[in-house]
Amino acid sequence: MLRAGLLLLAGLSCMLSSALAQTAASPAPAAVRQLQAVRITTAAPKLDALLDEAVWQQAPVATDFIQNRPNPGPHEKHPTEVRILYDDAALYVGAIMHDVSLDSIPRELGARDDIGNTDFFGIFLDTYHDKLNGYGFFVTPSGVQMDARYSPAGGEDFNWNAVWESRTALRGTDWVAELRIPYSAIRFSTQQEQVWGLNFMRNRQILRQGFFWSEVKPEVNGFLNQWGELVGIRDIKAPLRLSFTPYISTYVNHYPYKQQGVRNTSTSVNGGADVKWGINESFTLDATLVPDFGQTVSDNRVLNLTPFEVQYNENRQFFTEGTELFNKGNLFYSRRVGAQPMGFYDAEGQLKPGERLVQNPGESRLLNATKISGRTSKGLGVGLFNAVAANMYATAEDEQGEQRRILTQPLANYNIFVLDQSLKNNSYVSLINTNVTRQGSTYDANVTGGLFRLANKKNSYAVDGQVVYSRRRGQYFNSDTEVGDQDGYKYLLGVGKISGGFTWRLSQGIESNGYNPNDLGILFSNNSISQVAELNFNRFKPFWKVNNAYSYLVLEHRLLYRPTAYTSAGAYFGGNTTFTKSFITVGFNGDYTAQAHDYFEPRTEIGTYYVRFPANVGGNGFISTDYRKKLAFDLSTAGRWFQRDGIRPRRTGYGVSLSPRYRVSNQLSFRYNFEWNTRPNQVGYVNGGLDPDQFQDGPLAAAGQILLGRRRVMTYVNTITGTYTFNNRMSFNIRTRHYTSSVHYYDFTVLRPQGQELKVDYRRNRDNAFNAFNVDANFSWWFAPGSQVNVVWKNALSNELLAEESTPLYFDNLSRTINTPHSNSLSVKVLYFLDYLTLRKRRA
């Protein structure tokens, strides 16, 4: 098996030379479209969506858009006309979208960056013309704004927000959009004459058609490299980009402790600010001072039966906006910053006799966080991220009311440095370093990585790679023991065909047994060698009764790095298509996995013990109906079947997910999501392990045994979301989620070396059930550009029921959840955007 992996690696160089030689057959690129921008010599046009100023008629028109979906290639029948003006302060975009009638223009309202059932118009700008990084500004007929950043690392990132203005209007059978994009919202070079990458997009939702001014072919790898050019912009200077967004927030929190002398209600008032400063034409500093993230959406908590942590989404705007450079190489998991203190669970063990914990914060408090990022005119991207988390303490109180503090997290500094050089042909080379430095003897961590992507001139073939080294030094928190995983490395090399209807990629990767980037990144398991072959066959144009077809096949083989040993091998395949008339999308995914050896499930030193999983097949099918309809739904079903392993009943797994959505009007909509899955006869490590203080556990724990259990795991998730949008600046959203997962054990075995299991007469009840309930209600009002009022109510609960208290019955779990005390939080946060240029004009 190792020999097969080495043969694959040896073949990569041959494949690369062959791939780069096969470029003559690629079609010649189409001529690049250009649009001339016109300088305004009189007063700036009034932003009213009339386009009646004479200067608009002097500007050349971009028209004749080309369809990208559902049928790539045809030219638009209902013309789009776009003109661009500019002055010393801003870019002005005027667009007229001709149509059949007003009834042909869907215009559902939504919150900012929320694209619903609506038409929209967008402009894309690649201000450094590097064909890798760009901006997008969009507006709907109802005036809802959306903006995004584009990069190889971040893809299309709608978390980025800029301050710009737009107006829309319905005119006869058409709709009109007028945009003003100030230079303070974008970055560009100091060259006297600018050439920017440019594209426009129009979405006609009535036929689910997407059109681009500069044709975007789905079979071509990349997006920005298919844009046209904006020319004629001369003698503009980047303004002083300096803005402040101070905030003030107030919270009222309630939890019914029902304990004498303990207050159920607490209040707090917070204040801080976000600062944005354009250091020069290329680089911007973003800083948040004394940040407050209390209004972020609640995590979707789950029962974790795996040996790995749960990865949660990042919902804090500062860590989602403008982070494309820092996400290069996937070495940054922003949830580490401000995460749960290292000694959160150890605080209980440090109590003295008669003491109890009265406070133990579950999140580290950030003092500040700063980002400096940008890209020079030569295509060099530079990013610097720094955050400081304060010392964190739990509070212990004795029987006399005396309190003392227990350190749970030392002062910590988080740092990331990135260099990313853009190259020709949609290629790049990057260097990333992440560092965590902690106060005192608690260990520090450093990770350094280099990655590259080199494509041929036709952008049809590419080779990519990554090399990363991790280093940790010091002692574990509150311990004299030296930290483990002191040195490790990761290596990845791949080559493939990246454009066309048929694409492929071969790759090999190694993660050593000491590789550990988890102090500022996330990695579920290291100590592996992997070889992967990926094949994709896609048809982008309509045929038969469908609009397109996408299919894939992946072959994967994995080994343990040290000691070298087989872990798994499998094949994964699937496809999907959308029907031409109904716009119903259907698809399937399937896989076959040979017998696998899981060295991580035993939760012990890697090498001797593994849990054996029989060969199995799995699959799922899904259907998604047309979202243009008032009532639409998504439905999927899944199943998995294992071979019999001789000592227990066959393992299986089943699941279903149903998500209907109903649009009452252009302002009001509801969505319900139901998920259910069950895994009878699943085998795994008994969560919580063995407790030496328990009668039945003692002998097994003393002998160093690893306890496995055959169990049934059943999970239900119900989520209801309602949204009411008052207008394009004011909206209300409420989301309620109930999650329950129950585990019932049938019998137990102890694990022997090399995957052997021995039945054991173990009768302690290890059943458990986990419940989580959340309500997130948010009223948001953008009362001025960049300025916002948020009123948020949160209701939250989670509990775990053990042994006899656990039940698999859904309504019993729901009843206990409702009748258990909940925490409630009501908060009001006001942010006010202050732009230095605007303030200077007012003073003048």
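Keep in mind that what you see is a predicted model, and the values were worked out from it rather than measured. (Residues numbered from 1 in each chain as written. Predicted model: local features only at pLDDT ≥ 70, side-chain atom pairs only at ≥ 80, totals over all residues. Heavy atoms only, no water.)

Chemist: Quick question: what am I supposed to make of the environment of Ala565 here?
Modeler: By secondary structure assignment, the location of Ala565 is in strand 31 (residues 565-579). Its relative accessible area of 17% is what places Ala565 among the buried residues. Between the C-alpha atoms of Ala565 and Leu826, which are 261 residues apart in sequence, the distance is 54 Å. Contact partners of Ala565, with chain neighbours within four places excluded, come to Leu559, Leu560 and Tyr599. (Helix = DSSP H or I, 4+ residues; strand = E, 2+ residues; numbered from the N terminus. Buried < 20%, exposed > 50% of the residue type's maximum accessible area, 1.4 Å probe, protein only. Contact = heavy atoms within 4.5 Å.)

Chemist: Whenever I open this one, the sheet that holds strand 2 (residues 38-39) confuses me. Can you help?
Modeler: In any sheet, the strands associate via hydrogen bonds between backbone groups, in a parallel or an antiparallel arrangement. Strand order across the open sheet formed by five strands is 2-4-5-11-10, with mixed pairing between neighbours. Lying at the two open borders of the sheet, with one neighbouring strand each, are strand 2 and strand 10 (165-171). Relative to strand 5 (residues 90-97), strand 4 (residues 80-86) runs antiparallel, the two sharing seven bridges. Paired with Leu85 across the strands is Tyr92, a residue of strand 5. (Pairing = 2+ DSSP bridges.)

Chemist: Sorry if this is basic, but what is going on with the side chain of Asp626 here?
Modeler: Assignment of secondary structure puts Asp626 in the loop between strand 35 (616-624) and strand 36 (631-642). Residue Asp626 is classed as buried on the basis of its relative accessible area of 3%. A polar contact of 3.1 Å, which involves the side chain of Asp626, links it to the side chain of Arg208. Once residues within four sequence positions are removed from consideration, Asp626 is found in contact with Arg208, Ser582, Phe583 and Ala632. (Polar contact = N/O pair within 3.5 Å; in protein donor to acceptor, adjacent residues only side chain to side chain.)

Chemist: In this structure, what is going on with the nonpolar core? I would like to understand it.
Modeler: Among soluble globular proteins, nonpolar side chains are generally buried collectively. Counting residues in hydrophobic clusters, the biggest one holds 37 residues, and the most contacted among them are Ile84, Phe121, Ile123, Phe137 and Phe200. Of all the secondary-structure elements, those providing two or more residues to this core are strand 4, strand 5, strand 6 (120-126), strand 7 (134-139), strand 11 (174-182), strand 12 (193-204) and strand 14 (228-234). With residues near it in sequence (within four places) discarded, Phe121 still touches Val82, Val93, Ala95, Met97, Phe137, Phe138, Val139, Trp175, Ala177, Leu179, Phe200 and Met201. Membership of the second largest hydrophobic core comes to 25 residues, among which are Phe326, Ala412, Ile416 and Tyr515. (Core = buried A, V, L, I, M, F, W, Y, C linked by side-chain atoms within 4.5 Å.)

Chemist: I would appreciate a short explanation of the pattern of salt bridges in the present structure.
Modeler: Oppositely charged side chains may form a pair once their charged atoms are brought near each other. Tallied over the full model, the rule gives 35 salt bridges. With a shortest N-O distance of 2.8 Å, Arg710 and Asp747 are connected by a salt bridge. Taken together, the residues Arg710 in strand 39 (residues 707-727) and Asp747 in strand 40 (residues 730-751) connect sequence positions 37 residues apart. When its relative accessible area of 12% is taken as the criterion, Arg710 is described as buried. Salt bridges sharing common partners tie together Asp130, Lys328, Arg375 and Asp420. (Salt bridge = Lys/Arg side-chain N within 4 Å of Asp/Glu carboxyl O.)

Chemist: Just to check I follow, could you spell out the packing of aromatic side chains for this structure?
Modeler: For any pair of aromatic rings, geometry is given as the distance between the ring centres together with the angle between the planes. Summed over the entire model, instances satisfying the criterion amount to 43 aromatic pairs. Pairing Phe137 with Trp160 gives two aromatic rings, centres 5.9 Å apart and planes at 70 degrees, and the pair type is edge-to-face. Pair noted here: Phe137 is in strand 7 and Trp160 is in the loop between strand 9 (155-157) and strand 10, with a separation of 23 residues, a long-range link. The exposure class assigned to Phe137 is buried, which follows from its relative accessible area of 0%. Measuring from centroid to centroid gives 6.5 Å for Tyr150 and Trp227, while their planes differ by 80 degrees, and the two rings are edge-to-face. You can see Tyr150 sitting in strand 8 (residues 145-151) and its partner Trp227 sitting in the loop between strand 13 (209-212) and strand 14, a full 77 residues away along the chain. The exposure classification of Tyr150 matches that of Trp227, with both residues buried. An aromatic cluster is defined as three or more aromatic residues linked by ring pairs; in this entry it consists of Phe120, Phe124, Phe138, Tyr150, Phe158, Phe212, Phe223 and Trp227. (Phe/Tyr/Trp six-rings, centres within 6.5 Å; stacked < 30°, edge-to-face > 60°.)

Chemist: I'm lost on the sheet that holds strand 18 (residues 356-359) in this one. Help?
Modeler: Pairing is antiparallel across the open sheet formed by three strands, whose spatial order is 18-21-22. Strands with a single pairing partner mark the edges of an open sheet, and in this sheet they are strand 18 and strand 22 (403-409). Shown here is a sheet whose adjacent strand axes are inclined to one another by a mean of 40 degrees, direction ignored. Taken together, the six bridges between strand 21 (residues 392-397) and strand 22 define a ladder with antiparallel strand orientation. By the bridge assignment, Thr395 is partnered in strand 22 with Arg405. (Axes fitted to C-alpha atoms, helices over the stretch in contact; angles between N-to-C directions.)

Chemist: What am I meant to see in the side chain of Asp464 here?
Modeler: Looking at the element boundaries, Asp464 is found in strand 26 (residues 461-473). Engagement of the side chain of Asp464 in a polar contact is seen with the side chain of Arg505, the distance being 2.6 Å. Setting aside chain neighbours within four positions, we find Asp464 in contact with Phe452, Arg453, Leu492, Leu493, Gly494 and Arg505.

Chemist: Could you clarify how one ought to interpret the pairing of strand 42 (residues 768-784) in this entry?
Modeler: Looking along a regular strand, one sees the side chains alternate between the two faces of the sheet. Where strand 40 meets strand 42, 14 bridges bridge the pair, whose relative direction is antiparallel. By the bridge assignment for strand 42, Tyr739 is matched with Ala772. Note: strand 42 against strand 43 (residues 787-802), 15 bridges, orientation antiparallel. When the sheet's bridge partners are listed, Phe779 is paired in strand 43 with Val791. Taken together, strand 42 and the strand that follows it, strand 43, pair antiparallel across an intervening segment of two residues, in which Gly786 is found at a positive phi of about 75 degrees.

Chemist: Any chance you could explain empty space enclosed by the protein here in plain terms?
Modeler: Where empty space is left can be seen by rolling a probe of water-molecule size over the atoms. If you walk through the whole model with that rule in mind, you get three cavities of 30 Å³ or more. What the largest cavity holds in volume is close to 170 Å³. Residue lining of the largest cavity: 16 residues in total, with Asn133, Arg149, Arg187, Glu324 and Arg375 positioned closest to the centre. Of all the secondary structure elements, the ones that give two or more residues to the lining of the largest cavity are strand 7 and strand 19 (366-375). Among the elements that line the lining of the largest cavity, the one with the most residues is strand 19, at three residues. Class assignment of the residues belonging to the lining of the largest cavity gives a composition of four nonpolar, eight polar and four charged. By volume, the second largest cavity is sized at about 60 Å³. Leu132, Asn133, Ser151, Pro152, Ala153, Glu324, Leu325, Lys328, Arg375, Asp420 and Tyr428 are the residues that line the second largest cavity. Taken together, the residues of the lining of the second largest cavity break down into five nonpolar, two polar and four charged. (1 Å grid on protein atoms, 1.4 Å probe; cavity = no way out; pocket = protein on both sides within 12 Å on 5 of 7 lines; lining within 4 Å. Points joined across faces, edges and corners; volume = space filled by probe spheres on them. Nonpolar A, V, L, I, M, F, W, Y, C, P; charged D, E, K, R; others polar.)

Chemist: Whenever I open this one, helix 5 (residues 810-819) confuses me. Can you help?
Modeler: Given 3.6 residues per helical turn, the α-helix brings residues three or four places apart onto the same face. Burial in helix 5 covers these residues: Tyr810, Asn813 and Thr817. For helix 5, the arc enclosing every buried residue in end-on projection is 70 degrees, short of the 170-degree limit, so these residues lie on one face. Helix 5 presents Phe811, Ile818 and Asn819 as exposed residues on the side facing more than 90 degrees away from its buried surface. (Arc of directions from axis to C-beta.)

Chemist: Could you clarify how one ought to interpret the environment of Thr250 in this entry?
Modeler: Assignment of secondary structure puts Thr250 in strand 15 (residues 242-254). We classify Thr250 as partly exposed; its relative accessible area is 34%. Spatially, the C-alpha atoms of Thr250 and Thr168 are 36 Å apart, while their sequence positions differ by 82 residues. Ignoring sequence-local partners within four residues, the contact set of Thr250 consists of Ser268, Val269, Leu826, Ser827 and Val828. Here Ser268 takes part through its backbone oxygen, which lies 3.3 Å from a polar atom of the side chain of Thr250.

Chemist: Whenever I open this one, the confidence of the model for the chain confuses me. Can you help?
Modeler: Detailed reading of the predicted model is not advised wherever pLDDT is low. Confidence along the chain averages 92 in pLDDT terms, with 96% of residues attaining 70 or more. Scored below 50 in pLDDT, residues 1-28 makes 33 contacts in the model with residues more than four places away or belonging to other chains. (pLDDT = per-residue confidence, 0-100.)

Chemist: Before we go on, may I ask you to explain unusual backbone geometry in this structure?
Modeler: The general pattern is negative phi for most residues beyond glycine and trans for most peptide bonds. A cis amide bond links Arg69 with the next residue in sequence, Pro70, at an omega value of 0 degrees. Positive phi values are uncommon outside glycine, yet Ala803 reaches one of about 55 degrees. Here Ala803 shows up in the loop between strand 43 and helix 5.

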